[in-house]
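A structural walkthrough
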Amino acid sequence: MGIGPSTKETSLHHFRDPLLDVVAKDSDIDLQGVLLVGTPQGNKEKLLVGTRAAAWVEAMRSDGVIISLDGWGNSHVDFANTVEQIGKRGIPVVGMSFIGTAATFVVKNEYMDTIVDFNKSEEGIETEVVGENTVNERDAKKALALLKLKMKKKGV
Amino acid sequence: MEKEMRRLVIRTFHVDRVFFSDSTEYRDNALSIDKNMTNKFDMDADIFDDVSINIIEPGDHNIHVNCIMDILPISTKVLGVLGEGITHTMTGVYVMINGAEKNGRQMSNFGSSDGILSKRLMAGRAGTPGPNDIIIQFDVILKEGVEFSRKLPLAIHSLCDGFVQEIREKLKKLNAGQADEKHEFYDTIRKGKKKVVIIKQIGGQGAMHDNQLFPSEPSGFEGGFSNIDMLNMPMIVSPNEYRDGAIRAMT
């Protein structure tokens with residue numbers, strides 16, 4: 001399990017990414033950058049790269065994180081770990097994922113309390129329609145609003 | 001207080017007509033493609049059975065396609081490196097890569113988008129062409145029985161990149177005055193504001209789950225590095241690097 005046709009972010013999606021657009025435009029946010037983290041095959045490697053990502057975020061003294069993925073199933077193992085590692089470091093984190101009915105989390109933790117589900121299909125499934133279950137501007141705005149709330153609550 | 005670190009200018013050149021001709025050219029919003037282009041390809045005969053380039057007009061989506069491997073913009077650096085300087089990009093036309101084995105086995109790993117294009121492509125999303133856009137289809141048929149490995153998507157994306165580069169070379173030479181739009185983006189430090197990082201978790205498990213990072217051309221392939229080869233380790237990119245096509249999705 002990994003990235004299906006309807007959740008796949010094409011090269012064109014990355015080129016005009018709505019999430020980047022929304023966060024970069026917000027004058028209340030100092031966008032530090034985009035951290036790209038892969039999804040290795042082995043469990044040990046999954047934990048390693050996610051933990052490295054969290055170490056970066058801590059080292060950058062970030063006030064908050066939005067983490068998004070275009071895969072599900074097995075890829076949620078990586079996602080859950082990275083969210084946990086960031087959360088454990090006391091950094092507010094909001095997740096974005098395709099969930100619907102088909103992709104409920106296989107693993108969960110206490111830091112996964114603010115997740116934006118960007119499923120767009122009626123049945124909540126991998127429809128194999130390219131572009132259908134991908135992040136749009138509304139999803140991105142929702143994630144940023146949740147993060148702002150979370151940061152505020154924490155007194156950042 | 002805002003501090004501007006670097007500027008990226010993206011100029012768009014709109015295309016409202018694509019046709020085959022004796023050479024690849026862009027003039028008056030029309031793009032011609034060398035009809036003998038595929039003969040020039042240096043194809044690995046052990047992998048490729050056939051590659052064809054097709055022009056799909058808006059409204060002509062009632063055709064059968066093999067699995068959609070990627071959709072990419074035609075963009076090129078004119079000045080500076082990825083993330084700064086000047087980039088030219090075409091609007092109104094996008095490249096779609098389709099792939100399958102000759103026996104019909106699809107180039108997919110976790111569900112396939114083969115079928116009637118109108119039912120397999122949701123137009124108008126960030127990652128898909130709009131309803132009025134033209135699609136240049138790079139349609140790949142692989143040799144029957146070819147071993148399914150990382151080698152395949154890498155070879156397909158590389159071959160397609162060579163094709164797109166022919167168009168990029170023309171796009172590079174266009175004058176600023178011919179551009180339809182100009183967009184300016186800044187990597188900015190907003191001192192005193194809340195510091196936020198976006199993390200994008202990208203595929204990296206193997207064949208059909210790979211990404212090429214930091215290519216020489218926006219959303220390109222050559223000059224880049226596979227994130228599998230970089231052990232899937234986290235890489236930080238600036239907002240401008242990201243929006244200048246730092247990722248080629250080979251998922």
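Residues numbered from 1 in each chain as written. Chains lettered and ligands numbered in written order. Predicted model: local features only at pLDDT ≥ 70, side-chain atom pairs only at ≥ 80, totals over all residues. Heavy atoms only, no water.

**Quick word on the sheet that holds strand β3 (residues 25-27) of chain B**
All names here are of chain B.
- On the basis of which strands lie adjacent, the open sheet formed by three strands has the order β2-β4-β3 and mixed pairing. The open sheet is flanked by β2 (17-21) and β3, the only strands paired with a single partner. Neighbour-to-neighbour, the strand axes of this sheet turn through a mean angle of 20°, independent of strand direction.
- Judged from the three bridges that link them, β3 and strand β4 (residues 30-34) form a sheet pairing that is antiparallel. Each bridged residue has a counterpart across the sheet, and for E25 the counterpart in β4 is S32. (Pairing = 2+ DSSP bridges. Helix = DSSP H or I, 4+ residues; strand = E, 2+ residues; numbered from the N terminus. Axes fitted to C-alpha atoms, helices over the stretch in contact; angles between N-to-C directions.)

**A word on the pairing of strand β7 (residues 68-72) of chain B**
All names here are of chain B.
- By the criterion of burial, β7 is predominantly enclosed, with five of the five residues buried.
- When β7 meets strand β10 (residues 93-101), the two strands line up antiparallel, connected through four bridges. Residue pairing across strands places D70 opposite I97, the latter belonging to β10. (Buried < 20%, exposed > 50% of the residue type's maximum accessible area, 1.4 Å probe, protein only.)

**Quick look at the pattern of salt bridges**
- Within the structure shown, the criterion is met by 26 salt bridges over all chains.
- Note that D78 of chain A and K46 of chain A form a salt bridge whose closest N and O atoms lie 3.0 Å from each other. Pair noted here: D78 of chain A is in helix α4 (residues 75-88) and K46 of chain A is in helix α3 (residues 43-59), with a separation of 32 residues, a long-range link. Pair check on accessibility: D78 of chain A and K46 of chain A agree, each one buried.
- Between E184 of chain B and K182 of chain B there is a salt bridge; the shortest N-O distance is 3.7 Å.
- Taken together, the shared-partner salt bridges in this structure form one network comprising K8 of chain A together with D70, D161, R168 and R248 of chain B. (Salt bridge = Lys/Arg side-chain N within 4 Å of Asp/Glu carboxyl O.)

**Looking at the interface of chain B and chain A**
- With 59 residues of chain B at the interface, the matching set in chain A holds 70 residues.
- Interface of chain B and chain A: buried area, both sides summed, is about 6,200 Å²; carbon and sulfur atoms make up 58% of it.
- Of all residues in chain B, F110, I199 and Q201 of chain B bury the most surface against chain A, accounting for 15% of the area lost on that side.
- At the junction of chain B and chain A, the tally comes to three salt bridges.
- Counting across the chain B and chain A interface gives 52 residue pairs in polar contact (both at pLDDT 80 or more).
- Broken down by secondary-structure element, the contributors of at least two residues to the side of chain B that touches chain A are β7, α2 (117-120), β13 (181-190), β14 (194-201), β17 (235-237), α4 (239-243) and β18 (247-250) of chain B. (Contact = heavy atoms within 4.5 Å. Buried area = accessible area lost by both parts, 1.4 Å probe. Polar contact = N/O pair within 3.5 Å; in protein donor to acceptor, adjacent residues only side chain to side chain.)

**Concerning the environment of W72 of chain A**
- Looking at the element boundaries, W72 of chain A is found in the loop between β2 (64-69) and α4.
- For W72 of chain A and I99 of chain A, which are 27 residues apart along the polypeptide, the C-alpha to C-alpha distance reads 7.7 Å.

**Focus on the packing of α3 of chain A against α4 of chain A**
All names here are of chain A.
- Contact pair α3 / α4: the axes reach a minimum separation of 8 Å and the direction vectors enclose 35°. Crossing angle aside, the handedness with which α3 passes α4 is right-handed. Residues N43, K46, L47, G50, T51, A53 and A54 of α3 lie in contact with α4, whose contacting residues are V77, D78, N81, T82, Q85 and I86.
- Taken together, the residues that form the contact of α3 with α4 break down as five nonpolar, six polar and two charged. (Left-handed = near helix turned anticlockwise from the far one by under 90°. Nonpolar A, V, L, I, M, F, W, Y, C, P; charged D, E, K, R; others polar.)

**Some words on α4 of chain A**
- For α4 of chain A, spanning 14 residues, the distance from its first C-alpha to its last is 20 Å, which sits close to the expected 20 Å at 1.5 Å a residue.
- All of the buried residues in α4 of chain A are S75, H76, D78, F79, A80, N81, T82, V83, Q85, I86 and G87 of chain A.
- Those residues of α4 of chain A that are buried lie in contact with α3, β2, β3 (93-97) and β4 (115-117) of chain A together with β14 of chain B.
- Just beyond α4 of chain A, the residue with positive phi is G90 of chain A, at close to 80°. (Expected span 1.5 Å × (residues − 1).)

**What to know about the nonpolar core**
Residue and element names in this part refer to chain B.
- In this structure, F48, I74, M90, I136, F138, L142 and F163 are the most contacted members of the largest nonpolar core, which totals 37 residues.
- Secondary-structure elements contributing two or more residues to this core are β4, β5 (48-56), β7, β10, β12 (134-142) and α3 (151-172).
- Here the element with the most residues in this core is α3; it accounts for nine residues.
- Those residues within four positions of L142 in sequence are excluded, and the remaining contacts are I47, F48, D49, A100, E101, K102, M107, L152 and I156. (Core = buried A, V, L, I, M, F, W, Y, C linked by side-chain atoms within 4.5 Å.)

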